[in-house]
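# Geometric and topological summary
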Amino acid sequence: MAATTNHDGRFAGRVAVVTGGALGIGGGTARLLAAQGASVLVADVNDEAANANVAGITANGGAAKAIHTDVGSHEAIKEMIQTAVDDWGRLDILVQNAYGGGRRSNGSAVEVAEEDWDHSMGLLTKALYLGAKYAVPEMSKTGGGSIVNLASVHGILMAPGKLVYEAGKSAVIGMTKQMAIDFGPLGIRVNCILPGHIVTEASQAATWDRTPGGLKFFEQQYPVRRTGVPEDVANAISFLCSEGASFITGHPLVVDGGLTIQLQEDLGVALGKYARENDFEMPY
C-alpha cells in the first residue's frame, strides 16, 4: 500500500506550478498540493487529462487551473509562470516533472541522432533551467519558495541504450545542487526526487494490465516488494516543499522502495531463481 497522504492545509495561501501535472507523478502531486491548500496551476500538453485533473481537484474543494504548456518552448514556460502570478498573485512552489522524450531518445552515443539528443536534452535540462529562470524572481518577491526537480534512479545507475535519459537525469541532480547554492540566499530551496519504478495510469494500461506477471517480476527487485505509485512521490515532494524541510536543500531524495541499496550480484541471483520457479519470461 502507498503511504497515507496528509491533508493538513500546510500550503494554505500558497501557489504552486506543476509541469506534467495532468497524469502520473505530476497528476498525483497536483492533487496532493491542492488538497493541502495550495492553488495549483496544472501545466501539460495533454489538455484533456489536465482539465480532468483540475475538475477532480475543484470538485474536492481545491483550487486549480490548467494551462497548455510545452516545456520544450521558452515562451510557453515564461507564460506558465506569469499565468500563475497573474491569477493568484504570487509563486511559492515549482515542481518540474514534465518529460516526453519517448523512444526517440533511446540508443547509445553511436545510435542516437543529434537532433534527438538536442530535443530530449532540451526537455530534460533546458526546461528546468528556464523554469527556474522565471520562477526565482517571482518567489524572491515574497521571501522565498521551493523548487523540486524530478530526476530518477537513472541519474545514479546507468542502463544500456539509455544515453540521453541517463545523461539528462544525472544533469538534473547536478543542476539541483548548483541552483540550491545560487538561490538559497534568496530563501529558495531546490531539491530533486529520484523515483524508482512508478506505475502510472499510462504504464498500467499499456503494459501491466496486459502482463501482470511482468509487474510481479519488477516487484521482486524492491525490498518493500512493490513498485511505486504517484502518491509515493507526491508525498515526498510535499515534504520537501513544507516547513518541515526548511533546512534541506540541494538534496537528491531517492524514493525507490530500496531498489538502489542492493548488491547487484545477489539481486541478479534472486531474480533468476524467481524466474525459474515461476516459469517467467519478460513481456518485452
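These lines cover the structure that appears in this document, whether it is placed above or below. Keep in mind it's a predicted model, so treat the numbers as computed, not measured. (Residues numbered from 1 in each chain as written. Predicted model: local features only at pLDDT ≥ 70, side-chain atom pairs only at ≥ 80, totals over all residues. Heavy atoms only, no water.)

In the sheet, strand β2 (residues 39–44) pairs with strand β3 (residues 63–68) via six bridges, with the strands oriented parallel. Looking across to β3, one finds that L41 is bridged to K65. Since β2 and β3 lie parallel, the crossover through helix α2 (residues 47–59) that links them has a hand, and here it is right-handed. (Pairing = 2+ DSSP bridges. Helix = DSSP H or I, 4+ residues; strand = E, 2+ residues; numbered from the N terminus. Right-handed = clockwise from strand over helix to strand, strands pointing away.)

Turning our attention to the environment of A127. Among the structural elements, A127 can be located in helix α4 (residues 114–141). Among the residues examined, A127 registers a relative accessible area of 5% and is labelled buried. The sequence separation of A127 and H74 amounts to 53 residues, and the corresponding C-alpha distance is 7.7 Å. Aside from chain neighbours lying at most four places away, what touches A127 is V71, I77, Q96 and G122. (Buried < 20%, exposed > 50% of the residue type's maximum accessible area, 1.4 Å probe, protein only. Contact = heavy atoms within 4.5 Å.)

A few words on the sheet that holds strand β6 (residues 188–195). Hydrogen bonds along the backbone pair up the strands of a sheet, which may run parallel or antiparallel. Strand order across the open sheet formed by seven strands is β3-β2-β1-β4-β5-β6-β7, with parallel pairing between neighbours. Either end of the sheet is taken by a strand with one partner, and the two such strands are β3 and β7 (252–255). The mean angle between the axes of side-by-side strands here comes to 20 degrees, regardless of whether they run parallel or antiparallel. Here three bridges tie strand β1 (residues 15–19) to strand β4 (residues 93–96), and the two strands are oriented parallel to one another. Residue pairing in the sheet places A16 in a bridge with I93 of β4. Across the sheet, helix α1 (residues 24–35) touches β1, β2, β3, β4, β5 (145–150) and β6, and the angle it forms with β1 is around 170 degrees. (Axes fitted to C-alpha atoms, helices over the stretch in contact; angles between N-to-C directions.)

Moving on: unusual backbone geometry. The residue R225 is not glycine, and still its phi comes out positive at about 60 degrees. By the element assignment, R225 lies in the loop between α7 (212–219) and α8 (230–241). Exposure remark for R225: the relative accessible area of 47% places this residue in the partly exposed category.

A complete count under the given rule lists two cavities of 30 Å³ or more for this structure. Approximately 50 Å³ is the volume attributed to the largest cavity. Residue lining of the largest cavity: T19, V71, I77, M80, Q96, N97, A98, L123, A127, L128 and G131, and that is the complete set. Top contributing element to the lining of the largest cavity by residue count: α4, with four residues. Taken together, the residues of the lining of the largest cavity break down into seven nonpolar, four polar and no charged. Volume-wise, the second largest cavity comes out at about 40 Å³. As for the second largest cavity, its lining consists of Q96, N97, A98, Y99, L123, L124, L128, L150, K169 and V172. Where the lining of the second largest cavity is concerned, the elements lending two or more residues are α4 and α5 (163–183). A per-element tally of the lining of the second largest cavity places α4 first, with three residues. (1 Å grid on protein atoms, 1.4 Å probe; cavity = no way out; pocket = protein on both sides within 12 Å on 5 of 7 lines; lining within 4 Å. Points joined across faces, edges and corners; volume = space filled by probe spheres on them. Nonpolar A, V, L, I, M, F, W, Y, C, P; charged D, E, K, R; others polar.)

Taken as a whole and assessed by the stated rule, the structure comprises two aromatic pairs. Taking the centre distance of 5.7 Å and the plane angle of 45 degrees together, the rings of Y99 and Y165 count as tilted. Residue Y99 is found in the loop between β4 and α4, and its partner Y165 is found in helix α5; the two are separated by 66 residues along the sequence. Judged by its relative accessible area of 22%, Y165 is partly exposed. (Phe/Tyr/Trp six-rings, centres within 6.5 Å; stacked < 30°, edge-to-face > 60°.)

Moving on: the nonpolar core. Counting residues in hydrophobic clusters, the biggest one holds 34 residues, and the most contacted among them are M80, L91, L94 and I147. Taken together, the elements giving at least two residues each to this core come down to β1, β2, α3 (74–88), α4, α5 and β6. It is α4 that contributes the most residues to this core, nine residues altogether. Not counting residues within four places of it along the chain, the set of residues in contact with L94 comprises V17, M80, I81, G131, A132, A135, M139, S146, I147 and V148. Within the second largest apolar cluster, 28 residues are counted, among which are A38, A236, L240 and C241. (Core = buried A, V, L, I, M, F, W, Y, C linked by side-chain atoms within 4.5 Å.)

What follows is about the environment of T142. Following the sequence through the fold, T142 ends up in the loop between α4 and β5. The sequence separation of T142 and H74 amounts to 68 residues, and the corresponding C-alpha distance is 24 Å. Excluding its chain neighbours within four sequence positions, the residues that come into contact with T142 are R90, L91 and D92.

This part takes up the state of the cysteines. Inspection of the entire model under this criterion finds zero disulfides. Free cysteine C192: the closest other cysteine sulfur is in C241, separated by 13 Å. The class of C192 is buried, set by a relative accessible area of 1%. Given the relative accessible area of 8%, C241 is considered buried. (Disulfide = S-S within 2.5 Å.)

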